Structure formats: structure tokens, C-alpha cells
Amino acid sequence: MLSQLHGLKEPLLSGSFKISTRLPYVIACLWLTCRYIFGGAVPKTKVTMENESQGSISNCQTKDMEETRMEVQPLVDGSSASQPTNKEVVKKRVSSTEETRRSSSSRSSRKSFRLDYRLEEDVTKSQRDKHGRFINPWPTWRPPTLYNVLKWQITEKNSSNIPSSKEELDKELPVLEPYFIKNPQMVGKTGLGMRVTWMGHATVLVEMDDLTFLTDPIFSQRASPVQFLGPKRYRGPPCTVADLPKIDAVVISHTHYDHLDSGTIINLNERFGSDLRWFVPLGLLDWMQKCGCENVIELDWWEENCVPGHDEVTFVFTPAQHWCKRTPTDDNMVLWGSWSVLGPYNRFFFSGDTGYCKVFEQIGKRFGPFDLAAIPIGAYEPRWFMRCQHIDPEEAVRIHIDVQAKKSLGIHWGTFALAYEFYLDPPVKLKEAMERYGLKQDNFFVLNHGESKELKFEEDAFE
């Protein structure tokens, strides 16, 4: 494949291959291919900003913002993601979560929700190194190295086995027309519950508490800085940006091309303009403005904001264990994280991309229980390479438990070929993990592309 892409006449590893003259070129080709997955050149855009001031776009002031960032303390966490799970401890946490839910269910209204700022010092804050780049403050993190990237690409077997037949893919992973195409009048009508629609990969359309928002939207065919090279979808988006209902907000978890797609960003901005509020990680404001987006709110971990006119729904940027990169030199200049969306009747958690770490217990302690969580279940093999940055289905179940989610949706699978597990394995492994933890199967579900699920919960309170 690389020989075709880069014009080589012979295979890279043929007998005629001369190490002394070709090895640097081989390494460059492999590194370039990997960059299309994890990072590449910054996309160019002709759209410019008329107003560069963030102050002029914010009608809803950030709650609990500090003028000076506090000195942060790393979370003391001696656990390792490679260690076996203590099932008994997890089951105790499950029982504790159920008791919390039963206690909450005895109350009559959830409108009295408020944040518990007494836990302010019990959380892990973001940190930077001496070069100003963000870092992961957990011992479970190991950064990906060039050596490991090459080892993964050269020595590991790709077992994804994605069919080339559209008929077979349509049978195994059907792409459905979203409900709002033929029934736009139903959008937002969720009562006291919520509705979730999986748009593929990590893109989820969420309707709750009179708000409709998207997570990490990508409607392009490739997760790449260019649309003629890089990871291509094997399952297309269920609709276009033009088909979407009115969107109030978008949350972005990090800058990798499969989560921050410039084409989709520009199309959404052209469609909705300044009526669309963008919630993005610290360090991404300038990039968003260069794409023409005006209504942008940039947040650090644990900072929060809201959509103008919907002050009762709070968007909190919460931590995750991952990294950011779009160019050869911008490693971790932008923060990464998860999102906790807290409304008067519903709570939603979006984990973004992440490896497993103890921060999810902090999130669950501070904001749980969540009515619904969207958690990755794919792109996890080989584990020795992916473990620190992508959870597997069993770790997804652990996060489901840690954040005290009533229900969870499996995302980040069945769309792009980004790792080496069999393309249909994620939901199978998820089911097995749920059985091992003694949890009900419907508490952590998957959807077809374009499929929606309505969630109705008892009217309980969080005070």
C-alpha cells in the first residue's frame, strides 16, 4: 500500500530492498501514515474572523472561573491499567451506586440540582510541563513513541478483516436514516427524559432538557487533513450536516482528526453561524476562530459554562487520559478531556478518547450518577500499544461503573479502521465484560448508525 501511495516501484520489504538507502525513507513513510491516524498538517481555511474577541461572544459567563490557574497536584494513584480488575471492589461500588440512586429516587424533583463545591480540592487539575505542553498526571500514562509506532505498524498483525463487500457491511453494520429526517417535528420532544442518536464513531446527537447538541462531530469520509489520503470510513455518516435539526451546542474532546474535523466544523458553522455554541478544550480557541467560529467557549478541566438562554444546563469540561496532535510540532499544546452535561432533569457524560485511570471515580463522585454515558468500546488492539490512550470494552465497563452511569452507549467503533481488533469484536467483548461484572446487558448498549434510543427515568432529585 505504501509503495502505491508514494510511487515506489518495488515493495518496501522486497529482496531488492537496500537498507542503507531506503531505511530513512521507509521510516518516513510509516511515520507519515501513522500521523494520518494521530496527527497531521493543520488544515487550511479561507474563512476569517471579523471579531477575534472571546468576550464579545460570551452571553453566559463561566461559573467558578479563577483569574489565576491554581497550582495542581498530581493524583496519587498507584494502580496500573495492566493489573487485573478487583471484581469484588467494583461490585461494592456498583452496590453503593444503586443505593445512591434509590436514595435520589425518593425525592420529588430534580430542579433543585446544584454543584457541590466542597469537593473542589478533591479533583485532579490540568498540568503543563516546562515547555508549556499539557501532560497526563497519572502513573497509568505512557506517551506513544516513534519506536512503538513503527513496531506496531511493522510487526503486529491487523485482524480487523473489514469486508470489501458493501452488501456484507450493510448486513452486519446497517446505516439507518435518522428519525429526524422524516419526523423533524419530534426533535427536542423528550419530556423529562432524553434521546440519543449514534451518528457513527464518537459523534452522538443528544437531546435533553430542551437542548440538542453534538459530540465530536465528523461527517467527512476520511479522518485526515486531506480527503484523498488517510483513514477512510467503511460505514458512511447516516446524514449530512444539511440534514441535521437545529443544534444548540457542540462539545469537542480533543484535536485528533477523527474527533476534530475541519470540514465538518466549517459546514456546521456555515449552517448555524453564531447561534451555535462551541465548547472546546483549553488551547483550541484560536484554531476555532480561524475556521470562522464565533461563539466559542474554551475551558480548562473542571471549568464550566452554558448555552445562552439555557442557564439551567451546565457543560463541565472534565479530565481524561489522552493526548493532542495535529502538526509535527504542536504536541499537547491543546488540552484534552471528557464532558459532563448537567441539566435539571438529566445528566450526560461523554468520555472522549481515553485510557483508563482513576479520574473517572472523581467525576462520578462529583457529578454522578449520570443518566447516560457515551463511552468508547473500539480501537483498542494491540493492548501493549493502545492501553494508555484507548480503553477496551472491559475498561469501558469500569468507567461505566466509576461515573455511576445508569445507562451507557458504546461508541468509537464500527466506522473507521484505526486499530487491529476484528471489526465486529467490540460489542461482543462488551457483552462478555458486562456478564463478568454481573451487570444487566441493556445497561450498556450499542446502536446502529443513525439509530436512536429514548431514555425515560424516574423523576428523582439531586440536591
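If you look the chain up in an unreviewed UniProt entry, it shows as N-acyl-phosphatidylethanolamine-hydrolyzing phospholipase D from Erpetoichthys calabaricus. Looking at the Cofactor (unreviewed entry) heading of the UniProt record, one finds this comment for the chain: "Zn(2+)". Under the Subunit (unreviewed entry) heading, UniProt states for the chain: "Homodimer. Bile acids promote the assembly of inactive monomers into an active dimer and enable catalysis."

A closer look at the packing of aromatic side chains
Both the distance between ring centres and the angle between the ring planes are used here to describe each pair of aromatic rings. All chains considered together, the criterion is met by 16 aromatic pairs. Ring geometry for W198 and W413: centres 5.7 Å apart, planes at 10 degrees, overall stacked. Highlighted residues: W198 in strand β3 (residues 194-198) and W413 in the loop between β14 (405-411) and α12 (425-436), separated in sequence by 215 residues. Overall, the relative accessible area of 0% leaves W198 in the buried class. A relative accessible area of 8% means that W413 is categorised as buried. Clustering of aromatic rings is evident, with ring pairs tying together F213, F279, F315, F317, W339 and F348. The ring centre of Y257 lies 3.9 Å from the NZ or CZ of R326, which sits over that ring. For the cation-ring pair, K453 lies above F445, with the distance from its terminal atom to the ring centre recorded as 5.1 Å.

Some details on the sheet that holds strand β10 (residues 310-318)
Taken in spatial order, the seven strands line up as β9-β10-β11-β12-β13-β14-β15 in an open sheet, and their pairing is mixed. This sheet does not close on itself; its edge strands, each paired only once, are β9 (304-307) and β15 (444-445). In the sheet, β14 pairs with β15 via two bridges, with the strands oriented parallel. Note that in β15 the partner of L409 across the bridge is F445.

Some thoughts on the pairing of β14
When you tally the buried positions in β14, you get seven out of seven residues, the bulk of the element. Two strands pair when backbone bridges link them, and strand β13 (residues 370-376) and β14 are joined in this way by six bridges, in the parallel orientation. Bridge pairing in β14 links P376 to I411. Once the chain exits β14 it traverses α12 before rejoining the sheet at β15, and the crossover so formed is right-handed.

Some remarks on the pattern of salt bridges
One side chain can pair with another of opposite charge once the charged atoms of both are near each other. Scanning the entire structure with this criterion turns up 15 salt bridges. The shortest N-O distance in the salt bridge between D442 and K407 comes to 3.9 Å. With D442 in the loop between α12 and β15 and K407 in strand β14, this residue pair connects regions lying 35 residues apart in the sequence. Residue D442 is classed as partly exposed on the basis of its relative accessible area, which comes to 47%. With a relative accessible area of 18%, K407 lands in the buried category. A cluster of three or more residues bridged by salt bridges with shared partners is formed by R195, E207, E454 and K456.

The rules we used
Residues numbered from 1 in each chain as written. Predicted model: local features only at pLDDT ≥ 70, side-chain atom pairs only at ≥ 80, totals over all residues. Heavy atoms only, no water. UniProt positions renumbered as here; feature names shortened; annotations may be inferred. Phe/Tyr/Trp six-rings, centres within 6.5 Å; stacked < 30°, edge-to-face > 60°. Helix = DSSP H or I, 4+ residues; strand = E, 2+ residues; numbered from the N terminus. Buried < 20%, exposed > 50% of the residue type's maximum accessible area, 1.4 Å probe, protein only. Lys NZ or Arg CZ within 6 Å of the ring centre and 35° of its normal. Pairing = 2+ DSSP bridges. Right-handed = clockwise from strand over helix to strand, strands pointing away. Salt bridge = Lys/Arg side-chain N within 4 Å of Asp/Glu carboxyl O.

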